[in-house]
Amino acid sequence: MQWRSAARSRTNARLQVRMGIHSGPVSGVVDVNERTNVAGGGINTAQRVMDCGDSGHILLSRHVAEDLAEYERWRPFLHDIGTFEVKHGVPVSVSNLYSDEIGNAKLPTKLQAVRKRRAHVRWAEIGAALIVLGAIIAGVLFFARGPTTSALRVLDKSIAVLPFENRSEDKANAYFTDGVQDEILTDLAKIADLKVISRTSVMQYKSGAPRNLREIGQQLGVAHVVEGSVQRAANKVRVNAQLLDARTDAHLWAQTYDRDLADVFAIQSEIAKAIADQLQAKLSPNEKKAIEQPPTTDLAAFDLYSRAKTLVLTAGLSATGEPDERKAIELLDEAVKRDPSFFDAYCQLAYAHEQLYAITGFDHTPARLALAEAAVQAATRLRPDAAETHLARAQYLYNGLRDYAGALAELEIARRGLPNDPRLFELTGYILRRRGQQEEGLRNLERAAELDPRNFNTLQQIALSYQALGRYAETIAALDRASAIVPDNAETRANRELFYLCWKADTRPLRQTIDAILAQGPGAIASAADTWFFCALAERDPAAAERALVALGDNPWLSNESPIILSHSFGEGLLARMTKDEARARTAFEAARVQQEKIVQAQPDYGPALCVLGLIDAALGRKDLALDEGRRAIALTPLEKDVINGSRVLQYFAITAAWAGEKELALQQLEAGLRAPFASEMLSYGALKLLPVWDPLRGDPRFEKIVASLAPKNN
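Residues numbered from 1 in each chain as written. Predicted model: local features only at pLDDT ≥ 70, side-chain atom pairs only at ≥ 80, totals over all residues. Heavy atoms only, no water.

A. Geometry of the packing of aromatic side chains. Following the criterion strictly, the structure yields 11 aromatic pairs and no others. For the ring pair Phe265 and Phe302, a centre distance of 5.0 Å and an interplane angle of 80° mean the geometry is edge-to-face. Of this pair, Phe265 sits in helix H9 (residues 264–278) while Phe302 sits in helix H11 (residues 299–316); the two residues are 37 residues apart in sequence, bridging distant segments of the chain. On the basis of relative accessible area, Phe265 is assigned to the buried category, the value being 8%. An aromatic cluster is defined as three or more aromatic residues linked by ring pairs; in this entry it consists of Phe176, Phe265, Phe302, Tyr305 and Phe342. Directly above the aromatic system of Phe343 lies the positively charged group of Arg383, at a separation of 4.3 Å from the ring centroid. The side chain of Lys504 reaches across the aromatic face of Trp503, ending 4.4 Å from its centre. (Phe/Tyr/Trp six-rings, centres within 6.5 Å; stacked < 30°, edge-to-face > 60°. Helix = DSSP H or I, 4+ residues; strand = E, 2+ residues; numbered from the N terminus. Buried < 20%, exposed > 50% of the residue type's maximum accessible area, 1.4 Å probe, protein only. Lys NZ or Arg CZ within 6 Å of the ring centre and 35° of its normal.)

B. Structural view of the pairing of strand S8 (residues 158–161). Here S8 shows two buried faces, one formed by Ser158 and Ala160 and the other by Ile159 and Val161. Direction of pairing for S8 relative to strand S10 (residues 195–196): parallel, over a ladder of 2 bridges. What sits directly across from Ser158, in S10, is Lys195. For S8 and strand S11 (residues 224–233), the ladder comprises 3 bridges, and the chain directions are parallel. Bridging across to S11, Val161 finds its partner in Val226. (Pairing = 2+ DSSP bridges.)

C. Broad picture of helix H14 (residues 366–382). The end-to-end C-alpha separation of H14 is 25 Å, in line with the 24 Å expected for 17 residues at 1.5 Å each. Within the sequence span of H14, burial applies to Arg368, Leu369, Ala372, Ala375, Val376, Ala378, Ala379 and Thr380. Against the buried residues of H14 lie helix H12 (322–338), helix H13 (343–359) and helix H15 (387–399). (Expected span 1.5 Å × (residues − 1). Contact = heavy atoms within 4.5 Å.)

D. Molecular detail of the pattern of salt bridges. Tallied over the full model, the rule gives 45 salt bridges. Here Arg338 ties to Asp298 by a salt bridge, and the two come within 3.2 Å at their closest N and O atoms. Residue Arg338 is located in helix H12, and its partner Asp298 is located in the loop between helix H10 (285–292) and H11; the two are separated by 40 residues in the primary sequence. With relative accessibility at 15%, the residue Asp298 sits in the buried group. Among the salt bridges present, the one from Arg622 reaches Asp617, with a minimum N-O distance of 3.4 Å. Salt bridges sharing partners connect three or more residues here, namely Arg586, Glu590, Arg593, Glu597, Asp617, Arg622 and Glu629. (Salt bridge = Lys/Arg side-chain N within 4 Å of Asp/Glu carboxyl O.)

E. Quick peek at the environment of Gln512. The topology assignment puts Gln512 in helix H22 (residues 508–518). The class of Gln512 is exposed, set by a relative accessible area of 52%.

F. Structural detail: the pairing of strand S12 (residues 236–245). Where burial is concerned, most of S12 is hidden: 7 out of the 10 residues are buried. Relative to S12, S11 runs antiparallel, the two sharing 10 bridges. Paired with Val226 across the bridge in S12 is Leu243. As judged from the 10 bridges shared by S12 and strand S13 (residues 250–260), these two strands associate in the antiparallel manner. Bridged to Leu243 within S13 is Trp253. Taking the residues between adjacent antiparallel strands as the criterion, S12 and S13 are bridged by 4 residues, where Asp249 takes a positive phi near 70°.

G. Representation of the packing of helix H28 (residues 623–636) against helix H29 (residues 643–659) within the structure. For the pair H28 and H29, interaxial distance at closest approach is 9 Å and the crossing angle is 170°. Between H28 and H29, the interaxial angle falls into the category roughly antiparallel. Along the contact surface, H28 presents Ala626, Leu627, Gly630, Arg631, Ala633 and Ile634, while H29 presents Val649, Leu650, Phe653, Thr656 and Ala657. Class assignment of the residues belonging to the contact of H28 with H29 gives a composition of 8 nonpolar, 2 polar and 1 charged. (Axes fitted to C-alpha atoms, helices over the stretch in contact; angles between N-to-C directions. Parallel < 35°, antiparallel > 145°, perpendicular 65-115°, else oblique. Nonpolar A, V, L, I, M, F, W, Y, C, P; charged D, E, K, R; others polar.)

H. Geometry of unusual backbone geometry. The phi torsion at Asp249 lies on the positive side, around 70°, for a residue other than glycine. With respect to the element layout, Asp249 can be found in the loop between S12 and S13. Using a relative accessible area of 38% as the deciding quantity, one classes Asp249 as partly exposed. Positive phi values are uncommon outside glycine, yet Lys580 reaches one of about 65°.

I. Focus on the side chain of Arg471. With respect to the element layout, Arg471 can be found in the loop between helix H19 (456–468) and helix H20 (472–485). Judged by its relative accessible area of 17%, Arg471 falls in the buried class. At a separation of 2.7 Å, a polar atom in the side chain of Arg471 contacts the side chain of Glu474. (Polar contact = N/O pair within 3.5 Å; in protein donor to acceptor, adjacent residues only side chain to side chain.)

Right, dumping it as structure tokens:
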């Protein structure tokens, strides 16, 4: 959160100020005089809000007021005073916060004049971010007690623990080194008085490569970084750590620890406490106790756990991470077998099972869910009151049972002990998104990105949230943020132009991007092959579609439409149908049906899998069976329970009905699908206008009217 204040007069030794508060992007910068400051759109808007006020005013931007209004105790103090144009003609919606003790109840002089000139001004959209209640309270206390803190002070206590260098002769100790660095980071993240960047973001800054600490600090939004090295030999370990000011490259603290290997966890705790002391961070008794608790006493189990944790992280960033997930589970099973009291390993094991069950959907079976539940129960038995236990329960309730209220309640408890864990905000965002609270869910994802700014997956999810809202320009902007982190990622480059195709029904940018990726070499297109196939279908280019299917291999296509997973055989059937090769189409769809029937038999109550089976049966001319499967899929996936999966199943049933020759039903389902809370690529303007899957409806005036209504207003 950002606020701006300005002194107006000094009367009876009391400093009179005005204040503008807004939430939005902000970053640390170093000016030409080597002084640290903050800048960004959030600061600019806070300044403009403040400029509307007189002495004593506490003025809030729209989103700050909305978030604060969620808390009953604050509502009496919030007073909407309208929307007004400020610098450069930018409109801002302003609320006045005041009570009998603080604030200024009078309408600001500037706004009185503006209100006389204009009775009504159109509301402007302001970039969304989650406002933490504690920060708001700090802002009010700032006014009441004087300027005792600032946004810069908060920045001063921000830190990133960069990957440590493995100096062991045995390079296999790299995972051990990663584990030491991760434990130090995890310990620091338990301190509420610090802002600590997540491992997903820092792991990109590999050790051994030259580091520009100022640039890293700006990219991560922190003032300090920790670097270090680990050397392990026989039963000895040497750990070196140093704290640096990322703004000046100044060395603030350094220490080398030479100990017995068994003391490595004590070293990690000592380093975390020393760094906290250097940053003058307050450490509560509970935080001190949590930091001092070793993860395990079995170093072999710790090695297995460290390897598995890295695999789980990398698998979560890949669309084809199933092998890594299964390997991670094997390693974690070994770790808890060696040390049955290894609490963190059980938490990680539960999440790995949930990834296979719900996040990637590769194994959505009762057996996989039971394994996740068993791991959660084991963690609960070991440490029932730990914040990590409540997070593990929340993840299980969400991923396994879709119990949103229960998951949110567990997250609220977990927040007290995990103040810097982006997973809390990320999971809250996903839950709210599935409940249909898209804007609030998006704000939570943006908050997660503040703690994990280089998390490629989170930025992609932010893009998908904008796409679900039909806000394609912001979708593309979010993907640009992701591409800035991994500029050579073919999938993100292709997805950017895919969303442009969905928005504008223009395939040219996507085709040009695909051509550029193909020019890099035969394997470069692999992660974007499904998007290439989508483009080839939209352009009715059989040769390109054939090449895309070859590049796709055995992987499913249309990965952005998860959990609707369409196999390679299904894609082959679509291509054959587009080229009027009915014999090949039938053979391909029959093969797809055999595969899909096995999936449905393994998970009979999973609506998305049954939905795909209905699509295949419609393609094979089994009309009644297809419609029955589609209707059962909708019944199994109600919108009230799951907005995302429910919307997808509802939307794809429109295609099933169209392929089954039920044009009236298809049009009804299409309209219902377009009203669904979560938008689909297959129901976008570009898809409806160009894709052959909608050919059975093409030419019908009602269908053409629907397509025309979705056309962008400003081409």
